[in-house]
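# Tertiary structure, described
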Amino acid sequence: MIMLKKIAFQGAPGANSHEACRDYFPGYEAAPYATFEEAFEAVSSGVCELGMIPVENSIAGRVADVHHLLPSSGLKIIGERFKPIRFQLMANKGVKLDQVKTVSSMAIALHQCRRSLKKLGVETEAVGDTAGAARALSQNPDPTKAAIAPALAAEIYGLDILAKDIEDERHNTTRFLVMTADKAPAPPPFTQRCITSFCFRVKNLPAALYKAMGGFATNGVNMTKLESYMEGGAFTATFFYAEVDGRPEDRGLALALEELGFFTDRLEILGVFPADPFRDRV
């Protein structure tokens, strides 16, 4: 029997992350974990070869926990995937739409479908995650209840889809990072546009961040992301997560990173990976 390699994701089977694993890595077995910490650990320990981790959504913003976990995980980013998010209204077999009185799902999913739900005139119930709402409905059948979840959840839990693609905004997209425990993954081909991801901590000096960023401007490096977060509750130890176009060995980026080093007491490259073609469409 052939044993498939595993790719870790956070959430219950049938979650959007599970769909992303199946869509982009069909040759891997998708392995669910309750928390991001457990998913990261599964990759770090070698139980799973890859991790599929959501980092931001076009409506809800960034996934806060992930930025704190990345620097200490020891994992490297080797890819990104942009997944359009589609929500389905599902119920137990044989239930009709006009029977439904209450709809359950993750709070953000209910919010993203609020206009559709208002038209249906139903009550809503927030639960921990989308796929979990579908699983609970399959385990406790109720003709007056429905769940909002990805189509894969209906397939897994034997539910009927009563209404397809009920999200209010069609541009709803989640960005995932593909992670590996390989300390020195093979670099992307030079024919591909690349993103370099890194984190840094600026020294506690006047205008340190301003000076640290100057090298990117003067060397013509396009910075596509810069986000701050605090470590250990210390207001004087602010970390930054950044992404730029290019590779560390490109002359402009190499000079910018060298200049950045003068104003930081920690700088770590988290990954060099191909830009997803979908990036330019979101």
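For the structure itself, consult the block above.
Report follows, based on the coordinates. What you are looking at is a predicted structure, and each value in this text was computed from that prediction instead of being measured.

Here we come to the pattern of salt bridges. Taken as a whole and assessed by the stated rule, the structure comprises 16 salt bridges. For E227, the salt bridge identified is with R62, shortest N-O distance 3.2 Å. You can see E227 sitting in strand β13 (residues 223–230) and its partner R62 sitting in strand β4 (residues 61–62), a full 165 residues away along the chain. Judged by relative accessible area, E227 falls into the buried class, the value being 17%. Taken together, the salt bridges that share partners define one network made up of E56, R62, E80, R175, K225, E227 and E243.

So, on to the nonpolar core. Formed by 26 residues in total, the largest nonpolar core has its most connected members in F40, L70, L177 and M179. Contributions of two or more residues to this core are made by β2 (29–33), α2 (36–44), β3 (50–57), α3 (64–73), β11 (173–180), β12 (194–202), β14 (238–245) and β15 (264–274). Of the residues forming this core, the biggest block, 5 residues, is contributed by α2. The residues touching L177, leaving out its near neighbours within four places in the chain, are G51, M52, I53, V55, L70, I77, G79, E80, Y241 and F273.

Here the focus is the side chain of R175. Summarising the element assignment, R175 is placed in strand β11. For R175, a relative accessible area of 4% puts it in the buried group. At 2.8 Å, the side chain of R175 and the side chain of E80 are in polar contact. When near neighbours in sequence (up to four residues on either side) are disregarded, R175 contacts I53, P54, V55, E56, E80, R81, F82, K225, E243, F273 and R279.

The next subject is the layout of surface pockets. Picture a little ball the size of a water molecule; that probe, rolled over the atoms, points out where space is still empty. Here the largest pocket is characterised by a volume of approximately 550 Å³. In terms of lining residues, the largest pocket is bounded by 23 residues, among which N16, P54, V63, M106 and I108 are the most central. Elements that contribute at least two residues to the lining of the largest pocket include exactly α1 (16–24), β3, β4, α4 (107–112) and β11. The greatest single-element share of the lining of the largest pocket, amounting to 3 residues, is contributed by α4. Partitioning the lining of the largest pocket into residue classes produces 11 nonpolar, 10 polar and 2 charged. By volume, the second largest pocket amounts to about 240 Å³. Lining the second largest pocket are 17 residues, with P185, A186, P187, G271 and V272 sitting closest to its centre. Counting residues per element, the lining of the second largest pocket draws most heavily on β15, which supplies 6 residues.

The rules behind these values
Sequence order as written defines the numbering, with residues in each chain counted from 1. In view of the model being predicted, local features appear only for residues whose pLDDT reaches at least 70, and side-chain atom pairs are presented and counted only at 80 or more, with totals across whole chains, interfaces and linings using the full set of residues. No hydrogens and no water enter the side-chain calculation; it runs on all heavy atoms of the structure. A side-chain nitrogen of Lys or Arg and a carboxyl oxygen of Asp or Glu constitute a salt bridge if their distance falls within 4 Å. Under the scheme used here, helices are H or I runs from DSSP no shorter than 4 residues and strands are E runs no shorter than 2 residues, and both carry numbers assigned from the N terminus. Type-normalised accessible area, obtained with a 1.4 Å probe on protein chains alone, sets the label of each residue: buried when under 20%, exposed when over 50%, and partly exposed for intermediate values. In these notes, a set of buried Ala, Val, Leu, Ile, Met, Phe, Trp, Tyr and Cys residues joined through side-chain atoms within 4.5 Å is what counts as a nonpolar core. By definition, residues are in contact when any of their heavy atoms lie within 4.5 Å. Each polar contact in these results corresponds to two N or O atoms within 3.5 Å; when the atoms are within protein, one needs to be able to donate a hydrogen and the other to accept it, and residues that are neighboring in sequence are counted only if both atoms are side-chain atoms. For each structure, a 1 Å grid was placed over the protein atoms alone; sets of points admitting a 1.4 Å probe that cannot get out are labelled cavities, open sets with protein on both sides within 12 Å along at least five of seven lines are labelled pockets, and lining residues have an atom within 4 Å of a point. Grid points are joined across faces, edges and corners, and a volume is the space filled by probe spheres set on the points. In the scheme used here, Gly and all other residues not listed as nonpolar or charged are polar, with Ala, Val, Leu, Ile, Met, Phe, Trp, Tyr, Cys and Pro taken as nonpolar and Asp, Glu, Lys and Arg as charged.

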